[in-house]
Amino acid sequence: MGKHWGDFQYEIYLNGMTGAVPRLPTDLTRLEALVEQRLGPGPVGYVAGSAGNGGTALANRAALDRRRIVPRMLRDVHERDLSVEVLGRALPAPLALAPVGVLSIMHPDAECAAARAAAAQGVPYILSSASSTPMEQVAEAMGDAERWFQLYWAKDREVTRSFLGRARASGFSVLVVTLDTPLLAWRPRDLDQAYLPFLHGVGTANYFTDPAFLAGLAKPVHEDLNAAVLRFVGMFADPGKTWPDLAFLRENWDGPIVLKGVLHPDDALLAAEAGMDGVVVSNHGGRQVAGSVAAADALPRVARAVGDRLTVLFDSGVRTGDDVFKALALGARAVLLGRPYVYGLGLDGQAGVEHVIRCLLAEFDLTLALSGHATPATVTAGDLQESPA
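Because the structure is a prediction, the values reported are computed rather than measured.

Draft legend 1. The overall build of the protein chain, seen in detail. Scanning the protein chain from terminus to terminus reveals 16 helices and twelve strands. Rg of the C-alpha trace for the protein chain: 20 Å, near the compact-globule value of 21 Å for 389 residues, within the 12% margin. Projected onto the principal axes, the alpha-carbon positions of the protein chain cover approximately 70 × 50 × 40 Å. Relative to its 389 residues, the protein chain shows a buried fraction of 57%. Long-range contacts, defined as pairs at least 24 residues apart, comprise 75% of the intrachain contacts of the protein chain with a sequence gap of at least 6. Summed over its atoms, the accessible surface of the protein chain is roughly 16000 Å², and 53% of this surface lies on carbon and sulfur atoms. In the protein chain, 35 positive and 43 negative side-chain charges are present, and the distance between their average locations comes to 2 Å.

Shown next as structure tokens:
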């Protein structure tokens, strides 16, 4: 029998007997407004903001909201087990924390707090290349818990090779390669504040501690921060990369490789042909292409194209337990959760992240059961109905 995540509600009600109520809302869609009130416009805009007029982020939500669950009755859901196998790893639920960079702008405990929260709940933590804490330090904070490494694929091959070696040595088991950010998108909320933390050397910790990166500097970082920042900006992403370049990653990483940012089924097929292990159907939470297809609308086509060959994961727009249910029904094996856990971090550090994970999985567990399922494995497209837009 798996853990009944839904029992979290009874814990909350029992704590209420002593007058205690949760420090954060249990409706996770309310977190963003709280963060807007409590944190500065620069950090909030960087996390909550999107490309262009925000239409892609709204489309992500609309695509999930348009699909409605059709519950089934009188099915035995007394014992439930949310555990799944993803990329050869046994997970307690179909959830991982998505890679989000620069978490020090939200809370001083930054990536280590989020990683410890994930570890405490048994959920994989995906560390961003653009973290404000070096990968070795985050690994140490997690002990032997499941952790994956997200790669922003630098122009400099030696820095990329070095990152992969360091991640492997630090116990990161899966490589998540973000493909949709060869350039930063036009992001008005950041532009209006002229806010880009990297230019101040924030979110560059993995680079500024990397031997291959440092070898290209005339002086140590602390003696000439501007030179280090310029070197970082010059190599951070590479719009010249093409499909054959994936061979380099395969040669330098011996674990599973997942490509993040795939929206077209033909790209998913190219990923399979290149020997990749999975794809994340994602539009970067609406942060890269204004006017992009909603991630949930792209998911079924990608799942049909490669679901039998690759592990299909999903992010972009996930806010609630029913969103997780819908993503699985549309063909995902598991979902990555982004902004909500970052809001939890900003509001209450590690405890805030744990609150978000537990609320999301409690709601998913209860939604699953109340819809007639004892395990994620039985959820299919037949459990959804699409309402007119």
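We are not done yet, so read on.
Draft legend 2. Representation of the nonpolar core in the model. The biggest cluster of nonpolar side chains holds 113 residues, and the ones touching the most others in it are Tyr125, Phe314 and Tyr341. Considering every element that reaches this core, the biggest residue donor is helix α16 (residues 339–370), with 14 residues. Here Tyr341 is in contact with Leu97, Ala98, Val100, Leu103, Ala114, Tyr125, Val353 and Val356, once residues within four sequence places are set aside. Counting residues in each nonpolar core, the second largest holds 15 residues, with Ala96, Trp148, Val174 and Val176 among its members.

Draft legend 3. Representation of the pairing of strand β7 (residues 174–178) in the model. Counting buried positions along β7 yields five of five residues, so the element is predominantly enclosed. Here β7 shows a buried face lined by Val174, Val176 and Thr178 and a second buried face lined by Leu175 and Val177. Direction of pairing for strand β6 (residues 147–151) relative to β7: parallel, over a ladder of four bridges. Bridging across to β7, Gln150 finds its partner in Val176. As a crossover connection, the stretch from β6 through helix α7 (residues 157–169) into β7 is right-handed. Summarising the sheet, β7 and strand β8 (residues 257–262) pair through four bridges and their orientation is parallel. Bridge pairing links Leu175 to Ile257 in β8.

Draft legend 4. Just helix α3 (residues 41–48), in detail. For α3, a buried count of seven out of eight residues is recorded, marking the element as mostly surrounded by other parts of the structure. All of the buried residues in α3 are Gly42, Pro43, Val44, Gly45, Tyr46, Val47 and Ala48. Those residues of α3 that are buried are in contact with α2 (31–38), α8 (188–193) and α16.

Draft legend 5. The packing of helix α4 (residues 55–66) against helix α14 (residues 295–306), seen in detail. Running from N to C, α4 and α14 point in directions that differ by 65°, and their axes come no closer than 7 Å. Along its contact with α4, which presents Asn60, Ala63, Leu64 and Arg66, the element α14 presents Ala295, Ala296 and Asp297. Considering only residue class, the contact of α4 with α14 consists of four nonpolar, one polar and two charged.

Draft legend 6. How the structure looks around a nonpolar patch on the surface. Together, Tyr10, Tyr13, Leu14 and Met17 give the surface a local cluster of nonpolar side chains, amounting to about 550 Å² of exposed area. Along the polypeptide, Tyr10 turns up in helix α1 (residues 8–15).

Draft legend 7. Fine view of the packing of aromatic side chains. According to the stated counting rule, one finds twelve aromatic pairs in the structure shown. Pairing Tyr152 with Phe236 gives two aromatic rings, centres 4.8 Å apart and planes at 50°, and the pair type is tilted. With Tyr152 in the loop between β6 and α7 and Phe236 in the loop between α11 (225–235) and α12 (246–252), the pair connects residues that are 84 residues apart, well separated along the chain. On the accessibility criterion, Tyr152 (12% relative accessible area) is buried. Through successive ring pairs, a cluster of aromatic residues spans Tyr46, Phe149, Tyr152, Phe163, Phe172, Tyr195, Phe198, Tyr207, Phe208, Phe213, Phe232 and Phe236. Positioned over the ring face of Trp5 is Lys3, at 4.0 Å from the centre of the ring.

Draft legend 8. Structural view of the environment of Leu39. Looking at where Leu39 falls in the secondary structure, it is placed in the loop between α2 and α3. Not counting chain neighbours up to four residues away, the residues in contact with Leu39 comprise Val44, Ile105, Met106 and Gly346.

How each quantity is defined
- Residues numbered from 1 in each chain as written.
- Predicted model: local features only at pLDDT ≥ 70, side-chain atom pairs only at ≥ 80, totals over all residues.
- Heavy atoms only, no water.
- Helix = DSSP H or I, 4+ residues; strand = E, 2+ residues; numbered from the N terminus.
- Rg over C-alpha atoms; globule rule 2.2 N^0.38 Å.
- Buried < 20%, exposed > 50% of the residue type's maximum accessible area, 1.4 Å probe, protein only.
- Contact = heavy atoms within 4.5 Å.
- Areas by Shrake-Rupley, 256 points an atom, 1.4 Å probe, with all protein chains shown as cover.
- Lys, Arg positive; Asp, Glu negative; His and termini not counted.
- Charge placed at Lys NZ, Arg CZ, Asp CG, Glu CD.
- Core = buried A, V, L, I, M, F, W, Y, C linked by side-chain atoms within 4.5 Å.
- Pairing = 2+ DSSP bridges.
- Right-handed = clockwise from strand over helix to strand, strands pointing away.
- Axes fitted to C-alpha atoms, helices over the stretch in contact; angles between N-to-C directions.
- Nonpolar A, V, L, I, M, F, W, Y, C, P; charged D, E, K, R; others polar.
- Patch = residues over 30% accessible without salt bridge, like charges linked within 9 Å, V, L, I, M, F, W, Y side chains within 5 Å.
- Salt bridge = Lys/Arg side-chain N within 4 Å of Asp/Glu carboxyl O.
- Phe/Tyr/Trp six-rings, centres within 6.5 Å; stacked < 30°, edge-to-face > 60°.
- Lys NZ or Arg CZ within 6 Å of the ring centre and 35° of its normal.

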